[in-house]
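Understanding the architecture of this molecule
These are the residues of each chain, in order.
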Amino acid sequence: MGRGDGTGRVVSPADADDTGAGILHVDMDAFYASVEQLDDPSLRGKAIIIGAPESRSVVSSASYEARRFGVRSAMPVGQALRLCPHAVVVPPHFERYLEMSSQVMRIFRDVTPLVEPLSIDEAFLDVSGARRLWGSPGEIARMLRRRVLEETGLTCSVGVAATKHVAKMASTLSKPDGLLIVAEADTAAFLAPRSVRALWGVGPKTSEALEARGIRTIADVIDTPRELLDRALGAAMGERIWHLARGIDAREVDTSRVEKSVGHEETFHEDIADTAILRSELRRLADRVGARLRSSGWEASTVAIKVRYADFTTISRSQTLPEPTAVGQRIGDAAHELFASVDRTLPVRLIGVRAEKLRPAGAAMPALWDDNEGWRRIEDALDGATAKFGRGAVTRATLLGARGGGTLPSSPPPPRLDQG
(Lines give C-alpha, C1' and ligand atoms only; values in the text may rest on other atoms or scores of the structure.)
Protein backbone atom coordinates (compact mmCIF):
# COMPACT_ATOMS: atom_id res chain seq x y z
CA MET A 1 0.00 0.00 0.00
CA GLY A 2 2.14 2.92 1.21
CA ARG A 3 4.34 4.28 3.96
CA GLY A 4 5.53 7.62 5.26
CA ASP A 5 8.72 8.97 3.73
CA GLY A 6 9.72 11.35 6.53
CA THR A 7 8.19 14.43 4.87
CA GLY A 8 4.59 13.91 5.97
CA ARG A 9 3.64 12.18 2.73
CA VAL A 10 2.44 8.61 2.37
CA VAL A 11 3.80 7.06 -0.84
CA SER A 12 4.00 3.63 -2.42
CA PRO A 13 7.15 1.61 -3.07
CA ALA A 14 8.10 0.77 -6.64
CA ASP A 15 6.68 -2.76 -6.34
CA ALA A 16 3.32 -1.77 -4.82
CA ASP A 17 0.40 -4.09 -5.56
CA ASP A 18 -2.17 -2.38 -7.83
CA THR A 19 -4.57 -5.30 -8.29
CA GLY A 20 -8.12 -4.08 -8.90
CA ALA A 21 -7.09 -0.40 -8.76
CA GLY A 22 -8.26 1.03 -12.08
CA ILE A 23 -9.13 4.59 -11.02
CA LEU A 24 -6.55 7.39 -10.89
CA HIS A 25 -6.99 10.77 -9.24
CA VAL A 26 -4.36 13.20 -10.52
CA ASP A 27 -3.93 16.48 -8.66
CA MET A 28 -1.43 19.13 -9.73
CA ASP A 29 0.76 20.39 -6.89
CA ALA A 30 0.06 24.01 -5.81
CA PHE A 31 -0.89 24.59 -9.44
CA TYR A 32 -1.14 28.39 -9.69
CA ALA A 33 1.98 28.92 -7.60
CA SER A 34 3.90 26.25 -9.50
CA VAL A 35 3.06 27.85 -12.85
CA GLU A 36 4.33 31.20 -11.58
CA GLN A 37 7.55 29.58 -10.34
CA LEU A 38 7.94 27.84 -13.69
CA ASP A 39 7.59 31.12 -15.59
CA ASP A 40 9.76 33.10 -13.18
CA PRO A 41 12.66 30.95 -11.89
CA SER A 42 13.57 33.65 -9.35
CA LEU A 43 10.44 32.58 -7.40
CA ARG A 44 11.50 28.95 -7.02
CA GLY A 45 12.01 27.88 -3.45
CA LYS A 46 10.32 31.01 -2.14
CA ALA A 47 7.09 31.43 -0.21
CA ILE A 48 4.67 32.94 -2.72
CA ILE A 49 1.04 33.93 -2.42
CA ILE A 50 -1.16 34.15 -5.51
CA GLY A 51 -3.55 37.06 -5.14
CA ALA A 52 -3.91 40.80 -5.41
CA PRO A 53 -1.41 42.64 -3.19
CA GLU A 54 -4.11 44.49 -1.25
CA SER A 55 -4.70 43.11 2.24
CA ARG A 56 -8.48 42.87 1.66
CA SER A 57 -8.20 40.49 -1.30
CA VAL A 58 -8.02 36.73 -0.82
CA VAL A 59 -5.39 34.08 -1.49
CA SER A 60 -6.05 32.13 -4.72
CA SER A 61 -3.19 29.72 -4.09
CA ALA A 62 0.10 29.46 -2.23
CA SER A 63 3.36 27.62 -2.68
CA TYR A 64 4.23 24.83 -0.27
CA GLU A 65 6.90 27.10 1.19
CA ALA A 66 4.09 29.49 2.26
CA ARG A 67 1.72 26.71 3.33
CA ARG A 68 4.22 25.61 5.97
CA PHE A 69 3.40 28.87 7.78
CA GLY A 70 -0.35 28.20 7.70
CA VAL A 71 -1.23 30.11 4.52
CA ARG A 72 -4.30 28.64 2.81
CA SER A 73 -6.51 29.39 -0.18
CA ALA A 74 -9.44 31.80 0.42
CA MET A 75 -7.60 33.38 3.36
CA PRO A 76 -7.38 37.21 3.30
CA VAL A 77 -4.00 38.26 1.91
CA GLY A 78 -3.43 40.48 4.95
CA GLN A 79 -3.81 37.50 7.28
CA ALA A 80 -1.55 35.40 5.06
CA LEU A 81 1.18 38.02 5.19
CA ARG A 82 0.94 38.18 8.97
CA LEU A 83 1.52 34.41 9.07
CA CYS A 84 4.29 34.55 6.47
CA PRO A 85 5.72 38.11 6.34
CA HIS A 86 8.50 37.22 3.91
CA ALA A 87 6.08 35.82 1.28
CA VAL A 88 6.06 37.30 -2.21
CA VAL A 89 2.58 38.27 -3.45
CA VAL A 90 2.14 37.48 -7.15
CA PRO A 91 -0.98 38.56 -9.10
CA PRO A 92 -2.78 35.64 -10.78
CA HIS A 93 -2.55 35.05 -14.53
CA PHE A 94 -5.61 32.91 -15.22
CA GLU A 95 -5.19 32.67 -18.97
CA ARG A 96 -1.76 31.14 -18.40
CA TYR A 97 -3.19 28.66 -15.89
CA LEU A 98 -5.87 27.64 -18.40
CA GLU A 99 -3.20 27.15 -21.05
CA MET A 100 -1.16 24.87 -18.79
CA SER A 101 -4.29 23.02 -17.67
CA SER A 102 -5.14 22.28 -21.31
CA GLN A 103 -1.67 20.78 -21.82
CA VAL A 104 -2.06 18.56 -18.77
CA MET A 105 -5.56 17.37 -19.75
CA ARG A 106 -4.28 16.51 -23.25
CA ILE A 107 -1.66 14.26 -21.68
CA PHE A 108 -4.37 12.51 -19.67
CA ARG A 109 -6.50 11.98 -22.78
CA ASP A 110 -3.50 10.54 -24.65
CA VAL A 111 -3.66 7.66 -22.18
CA THR A 112 -7.43 7.14 -21.87
CA PRO A 113 -10.57 8.84 -23.20
CA LEU A 114 -12.18 8.26 -19.78
CA VAL A 115 -11.12 11.54 -18.15
CA GLU A 116 -13.32 13.50 -15.73
CA PRO A 117 -11.88 16.95 -14.92
CA LEU A 118 -12.92 18.10 -11.46
CA SER A 119 -11.35 21.53 -11.80
CA ILE A 120 -8.57 23.32 -13.65
CA ASP A 121 -5.90 21.25 -11.87
CA GLU A 122 -7.31 17.80 -11.07
CA ALA A 123 -9.08 14.93 -12.79
CA PHE A 124 -10.18 11.33 -12.45
CA LEU A 125 -9.00 8.79 -15.04
CA ASP A 126 -10.36 5.29 -15.59
CA VAL A 127 -7.43 3.24 -16.90
CA SER A 128 -9.07 -0.18 -16.53
CA GLY A 129 -9.18 -0.62 -20.30
CA ALA A 130 -5.71 0.75 -20.99
CA ARG A 131 -3.62 -2.10 -19.58
CA ARG A 132 -2.73 -3.71 -22.92
CA LEU A 133 -1.51 -0.42 -24.33
CA TRP A 134 0.17 1.19 -21.32
CA GLY A 135 0.57 -1.46 -18.61
CA SER A 136 -0.83 -1.80 -15.09
CA PRO A 137 -2.51 1.11 -13.27
CA GLY A 138 0.64 1.71 -11.23
CA GLU A 139 2.79 1.78 -14.38
CA ILE A 140 0.34 4.17 -16.03
CA ALA A 141 0.41 6.48 -13.00
CA ARG A 142 4.22 6.59 -13.03
CA MET A 143 4.24 7.24 -16.76
CA LEU A 144 1.72 10.07 -16.40
CA ARG A 145 3.73 11.73 -13.64
CA ARG A 146 6.86 11.49 -15.77
CA ARG A 147 5.16 12.89 -18.89
CA VAL A 148 3.53 15.79 -17.03
CA LEU A 149 6.91 16.79 -15.60
CA GLU A 150 8.81 16.39 -18.88
CA GLU A 151 6.21 18.14 -21.05
CA THR A 152 5.06 20.93 -18.72
CA GLY A 153 7.75 21.27 -16.05
CA LEU A 154 5.10 20.78 -13.34
CA THR A 155 4.67 18.06 -10.73
CA CYS A 156 1.52 16.19 -9.80
CA SER A 157 0.38 13.75 -7.14
CA VAL A 158 -1.53 10.60 -8.06
CA GLY A 159 -3.80 8.32 -6.08
CA VAL A 160 -4.58 4.89 -7.55
CA ALA A 161 -7.46 2.83 -6.16
CA ALA A 162 -10.55 0.81 -6.99
CA THR A 163 -12.93 3.76 -6.42
CA LYS A 164 -12.96 7.51 -6.98
CA HIS A 165 -13.31 8.27 -3.28
CA VAL A 166 -10.28 6.21 -2.21
CA ALA A 167 -8.19 7.43 -5.18
CA LYS A 168 -8.84 11.05 -4.16
CA MET A 169 -7.91 10.33 -0.54
CA ALA A 170 -4.72 8.63 -1.72
CA SER A 171 -3.60 11.53 -3.89
CA THR A 172 -4.11 13.93 -0.98
CA LEU A 173 -1.97 11.80 1.33
CA SER A 174 0.81 11.56 -1.28
CA LYS A 175 1.19 15.32 -1.81
CA PRO A 176 3.33 16.93 -2.90
CA ASP A 177 4.81 15.12 -5.92
CA GLY A 178 3.91 11.63 -4.74
CA LEU A 179 2.18 8.41 -5.77
CA LEU A 180 0.05 6.24 -3.48
CA ILE A 181 -1.50 2.99 -4.70
CA VAL A 182 -4.26 1.21 -2.77
CA ALA A 183 -5.01 -2.29 -4.08
CA GLU A 184 -8.68 -3.23 -3.96
CA ALA A 185 -8.05 -5.84 -1.27
CA ASP A 186 -6.28 -3.23 0.90
CA THR A 187 -9.12 -0.69 0.85
CA ALA A 188 -10.54 -1.46 4.29
CA ALA A 189 -7.11 -1.41 5.95
CA PHE A 190 -6.28 1.87 4.21
CA LEU A 191 -9.50 3.58 5.30
CA ALA A 192 -9.82 2.37 8.90
CA PRO A 193 -7.26 4.65 10.65
CA ARG A 194 -8.13 7.80 8.69
CA SER A 195 -9.99 10.71 10.25
CA VAL A 196 -13.66 11.09 9.44
CA ARG A 197 -12.67 14.50 8.10
CA ALA A 198 -10.91 12.71 5.23
CA LEU A 199 -14.19 11.30 3.92
CA TRP A 200 -15.27 12.99 0.71
CA GLY A 201 -18.08 15.46 1.37
CA VAL A 202 -17.61 15.60 5.15
CA GLY A 203 -17.31 19.26 6.08
CA PRO A 204 -16.72 20.94 9.45
CA LYS A 205 -20.33 20.66 10.66
CA THR A 206 -20.64 16.98 9.76
CA SER A 207 -17.28 16.12 11.30
CA GLU A 208 -18.18 18.01 14.50
CA ALA A 209 -21.47 16.12 14.72
CA LEU A 210 -19.61 12.81 14.40
CA GLU A 211 -16.78 13.72 16.77
CA ALA A 212 -19.24 14.91 19.39
CA ARG A 213 -20.48 11.30 19.48
CA GLY A 214 -16.97 9.86 19.74
CA ILE A 215 -16.81 8.97 16.05
CA ARG A 216 -13.35 10.21 15.06
CA THR A 217 -11.98 7.65 12.61
CA ILE A 218 -13.41 5.73 9.70
CA ALA A 219 -13.09 2.59 11.81
CA ASP A 220 -15.39 4.29 14.33
CA VAL A 221 -17.92 4.91 11.56
CA ILE A 222 -17.87 1.22 10.63
CA ASP A 223 -18.53 0.28 14.27
CA THR A 224 -21.45 2.73 14.56
CA PRO A 225 -24.98 1.44 13.91
CA ARG A 226 -26.53 2.87 10.77
CA GLU A 227 -29.50 4.19 12.76
CA LEU A 228 -27.21 6.35 14.90
CA LEU A 229 -25.54 7.81 11.80
CA ASP A 230 -28.94 8.63 10.34
CA ARG A 231 -30.04 10.38 13.54
CA ALA A 232 -26.82 12.37 13.78
CA LEU A 233 -26.51 13.38 10.13
CA GLY A 234 -29.84 12.78 8.44
CA ALA A 235 -30.76 9.74 6.36
CA ALA A 236 -29.07 10.87 3.12
CA MET A 237 -25.71 11.81 4.67
CA GLY A 238 -25.83 8.84 7.04
CA GLU A 239 -26.21 6.47 4.11
CA ARG A 240 -23.42 8.20 2.18
CA ILE A 241 -20.96 8.03 5.09
CA TRP A 242 -21.91 4.42 5.85
CA HIS A 243 -21.03 3.38 2.29
CA LEU A 244 -17.86 5.47 1.87
CA ALA A 245 -16.43 4.18 5.15
CA ARG A 246 -16.69 0.68 3.72
CA GLY A 247 -15.04 1.63 0.46
CA ILE A 248 -18.32 1.41 -1.44
CA ASP A 249 -18.46 4.05 -4.18
CA ALA A 250 -20.31 3.05 -7.33
CA ARG A 251 -19.67 6.32 -9.17
CA GLU A 252 -17.97 5.87 -12.52
CA VAL A 253 -15.63 8.34 -14.20
CA ASP A 254 -18.02 10.76 -15.92
CA THR A 255 -16.61 12.12 -19.17
CA SER A 256 -19.68 14.32 -19.70
CA ARG A 257 -18.96 16.41 -16.60
CA VAL A 258 -19.02 20.12 -17.47
CA GLU A 259 -18.35 23.33 -15.62
CA LYS A 260 -21.43 24.06 -13.52
CA SER A 261 -21.01 27.81 -13.39
CA VAL A 262 -18.83 30.72 -14.48
CA GLY A 263 -18.35 33.75 -12.27
CA HIS A 264 -16.23 36.75 -11.36
CA GLU A 265 -16.16 38.84 -8.21
CA GLU A 266 -14.28 41.82 -6.80
CA THR A 267 -13.18 42.83 -3.32
CA PHE A 268 -12.84 46.60 -3.03
CA HIS A 269 -9.99 48.55 -1.42
CA GLU A 270 -12.61 50.51 0.50
CA ASP A 271 -16.23 49.69 1.29
CA ILE A 272 -18.50 51.29 -1.31
CA ALA A 273 -21.92 52.80 -0.74
CA ASP A 274 -22.29 54.56 -4.12
CA THR A 275 -24.98 52.67 -6.07
CA ALA A 276 -23.73 53.98 -9.43
CA ILE A 277 -20.26 52.56 -8.80
CA LEU A 278 -21.66 49.20 -7.74
CA ARG A 279 -23.94 48.99 -10.78
CA SER A 280 -20.99 49.85 -13.00
CA GLU A 281 -18.94 47.08 -11.39
CA LEU A 282 -21.77 44.59 -11.90
CA ARG A 283 -21.84 45.53 -15.57
CA ARG A 284 -18.07 45.03 -15.90
CA LEU A 285 -18.20 41.65 -14.18
CA ALA A 286 -21.17 40.56 -16.33
CA ASP A 287 -19.19 41.40 -19.48
CA ARG A 288 -16.32 39.21 -18.24
CA VAL A 289 -18.71 36.36 -17.47
CA GLY A 290 -20.29 36.64 -20.91
CA ALA A 291 -16.87 36.60 -22.60
CA ARG A 292 -15.90 33.43 -20.72
CA LEU A 293 -19.17 31.75 -21.67
CA ARG A 294 -18.68 32.56 -25.34
CA SER A 295 -15.05 31.44 -25.40
CA SER A 296 -16.09 28.10 -23.84
CA GLY A 297 -19.15 27.56 -26.04
CA TRP A 298 -21.72 27.75 -23.22
CA GLU A 299 -24.90 29.64 -22.43
CA ALA A 300 -26.40 30.24 -19.00
CA SER A 301 -29.99 29.73 -17.91
CA THR A 302 -29.55 31.45 -14.54
CA VAL A 303 -27.75 34.59 -13.36
CA ALA A 304 -26.75 35.08 -9.71
CA ILE A 305 -25.13 37.90 -7.77
CA LYS A 306 -23.17 37.84 -4.52
CA VAL A 307 -22.94 40.83 -2.18
CA ARG A 308 -20.76 41.02 0.92
CA TYR A 309 -21.35 43.99 3.17
CA ALA A 310 -18.90 45.90 5.37
CA ASP A 311 -19.87 43.74 8.38
CA PHE A 312 -19.03 40.58 6.33
CA THR A 313 -22.67 39.57 6.00
CA THR A 314 -22.95 37.87 2.61
CA ILE A 315 -26.09 37.35 0.53
CA SER A 316 -26.81 35.89 -2.89
CA ARG A 317 -29.72 36.27 -5.26
CA SER A 318 -30.46 34.45 -8.52
CA GLN A 319 -32.82 34.76 -11.47
CA THR A 320 -33.77 32.27 -14.18
CA LEU A 321 -33.64 33.83 -17.63
CA PRO A 322 -36.44 33.48 -20.21
CA GLU A 323 -33.86 32.11 -22.66
CA PRO A 324 -30.27 30.88 -22.10
CA THR A 325 -27.67 33.48 -23.05
CA ALA A 326 -23.96 34.25 -23.29
CA VAL A 327 -24.58 37.95 -23.94
CA GLY A 328 -22.91 40.12 -21.32
CA GLN A 329 -25.52 42.86 -21.72
CA ARG A 330 -28.33 40.46 -20.86
CA ILE A 331 -26.39 39.02 -17.92
CA GLY A 332 -25.69 42.55 -16.68
CA ASP A 333 -29.36 43.52 -16.98
CA ALA A 334 -30.32 40.53 -14.82
CA ALA A 335 -27.59 41.39 -12.30
CA HIS A 336 -28.92 44.94 -12.05
CA GLU A 337 -32.45 43.66 -11.46
CA LEU A 338 -31.22 41.38 -8.70
CA PHE A 339 -29.13 44.13 -7.12
CA ALA A 340 -32.15 46.45 -7.04
CA SER A 341 -33.92 43.93 -4.81
CA VAL A 342 -31.25 43.71 -2.09
CA ASP A 343 -30.81 45.84 1.01
CA ARG A 344 -28.20 48.57 0.56
CA THR A 345 -28.14 50.07 4.04
CA LEU A 346 -24.51 49.06 4.59
CA PRO A 347 -21.56 49.77 2.27
CA VAL A 348 -20.40 46.88 0.10
CA ARG A 349 -17.06 45.11 0.53
CA LEU A 350 -17.36 42.52 -2.29
CA ILE A 351 -19.63 42.04 -5.27
CA GLY A 352 -19.86 39.22 -7.79
CA VAL A 353 -21.76 37.93 -10.83
CA ARG A 354 -22.17 34.27 -11.71
CA ALA A 355 -23.76 32.42 -14.65
CA GLU A 356 -25.29 29.06 -13.68
CA LYS A 357 -27.13 26.07 -15.18
CA LEU A 358 -24.88 26.03 -18.24
CA ARG A 359 -25.75 24.32 -21.51
CA PRO A 360 -24.01 24.11 -24.90
CA ALA A 361 -24.51 27.27 -26.96
CA GLY A 362 -27.29 26.90 -29.52
CA ALA A 363 -28.88 23.91 -27.77
CA ALA A 364 -32.13 25.79 -27.22
CA MET A 365 -34.69 26.33 -29.99
CA PRO A 366 -33.90 29.77 -31.48
CA ALA A 367 -36.51 32.44 -30.86
CA LEU A 368 -38.37 33.96 -33.80
CA TRP A 369 -37.28 37.40 -32.61
CA ASP A 370 -33.99 37.79 -30.73
CA ASP A 371 -33.86 40.97 -28.64
CA ASN A 372 -30.17 40.33 -27.95
CA GLU A 373 -29.01 39.99 -31.55
CA GLY A 374 -27.64 43.52 -31.74
CA TRP A 375 -25.67 43.13 -28.53
CA ARG A 376 -24.50 39.69 -29.62
CA ARG A 377 -22.92 41.17 -32.74
CA ILE A 378 -21.27 43.95 -30.74
CA GLU A 379 -19.84 41.49 -28.21
CA ASP A 380 -18.60 39.17 -30.96
CA ALA A 381 -16.68 42.15 -32.34
CA LEU A 382 -15.33 42.92 -28.85
CA ASP A 383 -14.19 39.29 -28.52
CA GLY A 384 -12.24 39.69 -31.73
CA ALA A 385 -10.60 42.89 -30.49
CA THR A 386 -9.73 41.26 -27.18
CA ALA A 387 -8.16 38.27 -28.93
CA LYS A 388 -6.00 40.62 -30.98
CA PHE A 389 -5.10 43.35 -28.49
CA GLY A 390 -5.73 41.85 -25.04
CA ARG A 391 -8.41 42.23 -22.38
CA GLY A 392 -9.06 45.87 -21.48
CA ALA A 393 -8.06 47.24 -24.88
CA VAL A 394 -11.75 47.91 -25.63
CA THR A 395 -14.35 48.58 -22.95
CA ARG A 396 -17.65 50.32 -22.36
CA ALA A 397 -17.43 54.09 -22.18
CA THR A 398 -19.73 53.95 -19.15
CA LEU A 399 -17.06 52.01 -17.25
CA LEU A 400 -14.34 54.62 -17.76
CA GLY A 401 -13.87 56.62 -14.58
CA ALA A 402 -17.08 55.29 -13.08
CA ARG A 403 -15.45 54.14 -9.86
CA GLY A 404 -13.98 57.41 -8.73
CA GLY A 405 -10.84 57.93 -6.68
CA GLY A 406 -9.83 55.43 -4.05
CA THR A 407 -12.52 52.88 -4.86
CA LEU A 408 -10.82 50.72 -7.45
CA PRO A 409 -11.36 46.99 -6.97
CA SER A 410 -8.48 44.85 -5.85
CA SER A 411 -8.39 42.68 -8.97
CA PRO A 412 -5.01 41.91 -10.53
CA PRO A 413 -3.93 43.49 -13.83
CA PRO A 414 -5.01 41.88 -17.11
CA PRO A 415 -3.30 38.56 -17.92
CA ARG A 416 0.09 38.75 -19.59
CA LEU A 417 0.22 38.65 -23.37
CA ASP A 418 2.56 36.42 -25.31
CA GLN A 419 5.38 38.67 -26.46
CA GLY A 420 6.50 36.38 -29.19
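Below is a short write-up of the structure. Just so we're clear, the structure is a prediction, and the values are computed from it rather than from any experiment.

Before going further, it helps to spend a moment on the side chain of Ser157. Within the secondary structure layout, Ser157 lies in strand β9 (residues 156-161). A polar contact of 2.8 Å, which involves the side chain of Ser157, links it to the side chain of Asp29.

The strand order across the open sheet formed by three strands is β5-β4-β6, and the pairing between neighbours is mixed. The sheet is open, and its two borders are formed by β5 (61-62) and β6 (88-90), each paired with just one other strand. Note: strand β4 (residues 48-50) against β5, two bridges, orientation antiparallel. For Ile50, the partnering residue across the bridge sits in β5 and is Ser61. Contacting β4, β5 and β6, helix α1 (residues 31-39) crosses the sheet at an angle of about 115 degrees to β4.

The next point concerns the environment of Tyr64. Examined against the element boundaries, Tyr64 turns out to sit in helix α2 (residues 64-67). It is 7.2 Å that separates the C-alpha atoms of Tyr64 and Ala47, two residues lying 17 residues apart in sequence. In this structure Tyr64 touches Asp29, Ala30, Lys175 and Pro176, once residues within four positions along its chain are discounted.

This next bit is on the nonpolar core. Ranked by size, the top nonpolar core spans 37 residues in total, and within it Leu24, Phe31, Phe108, Leu125, Leu144, Val158 and Val160 carry the most contacts. Looking at this core, the elements with two or more residues in it are β3 (23-28), α1, β4, α4 (94-111), β8 (122-126), α6 (137-152), β9 and β10 (179-181). Not counting residues up to four positions away in its chain, the partners in contact with Val160 are Ala21, Ile23, Leu24, Pro137, Ala141, Ala170, Leu179, Leu180, Ile181 and Val182. One finds Val262, Ile272, Ile277 and Ala300 within the second-largest nonpolar core, a separate group that totals 30 residues.

Along the chain, Asp29 falls in the loop between β3 and α1. Only 3.4 Å separates the side chain of Asp29 from the backbone nitrogen of Cys156, close enough to count as a polar contact. Beyond its immediate chain neighbours, meaning those up to four positions away, Asp29 contacts Ser34, Tyr64, Thr155, Cys156, Ser157, Lys175, Pro176 and Asp177.

Further remarks concern the pairing of β9. In summary, the side chains of a regular strand alternate between the two faces of the sheet. Within β9, six of the six residues are buried, which leaves it mostly tucked inside the rest of the structure. Bridge count for β3 against β9 is six bridges, and the pairing is antiparallel. Considered in β9, the bridge of Met28 is made with Cys156. Direction of pairing for β9 relative to β10: parallel, over a ladder of three bridges. Across the sheet, the residue bridging to Val160 is Ile181, located in β10.

Further remarks concern the packing of aromatic side chains. Scanning the model with the defined rule gives six aromatic pairs in all. Each ring, one from Phe124 and one from Trp200, has its centre 5.7 Å from the other, and the planes form 45 degrees; the classification is tilted. You can see Phe124 sitting in strand β8 and its partner Trp200 sitting in the loop between α8 (187-191) and α9 (204-211), a full 76 residues away along the chain. For Trp200, a relative accessible area of 22% puts it in the partly exposed group. Above the plane of the ring of Phe190 lies Arg194, whose end atom (NZ or CZ) is 4.6 Å from the centre.

Conventions and cut-offs
Residues numbered from 1 in each chain as written. Predicted model: local features only at pLDDT ≥ 70, side-chain atom pairs only at ≥ 80, totals over all residues. Heavy atoms only, no water. Helix = DSSP H or I, 4+ residues; strand = E, 2+ residues; numbered from the N terminus. Polar contact = N/O pair within 3.5 Å; in protein donor to acceptor, adjacent residues only side chain to side chain. Pairing = 2+ DSSP bridges. Contact = heavy atoms within 4.5 Å. Axes fitted to C-alpha atoms, helices over the stretch in contact; angles between N-to-C directions. Core = buried A, V, L, I, M, F, W, Y, C linked by side-chain atoms within 4.5 Å. Buried < 20%, exposed > 50% of the residue type's maximum accessible area, 1.4 Å probe, protein only. Phe/Tyr/Trp six-rings, centres within 6.5 Å; stacked < 30°, edge-to-face > 60°. Lys NZ or Arg CZ within 6 Å of the ring centre and 35° of its normal.

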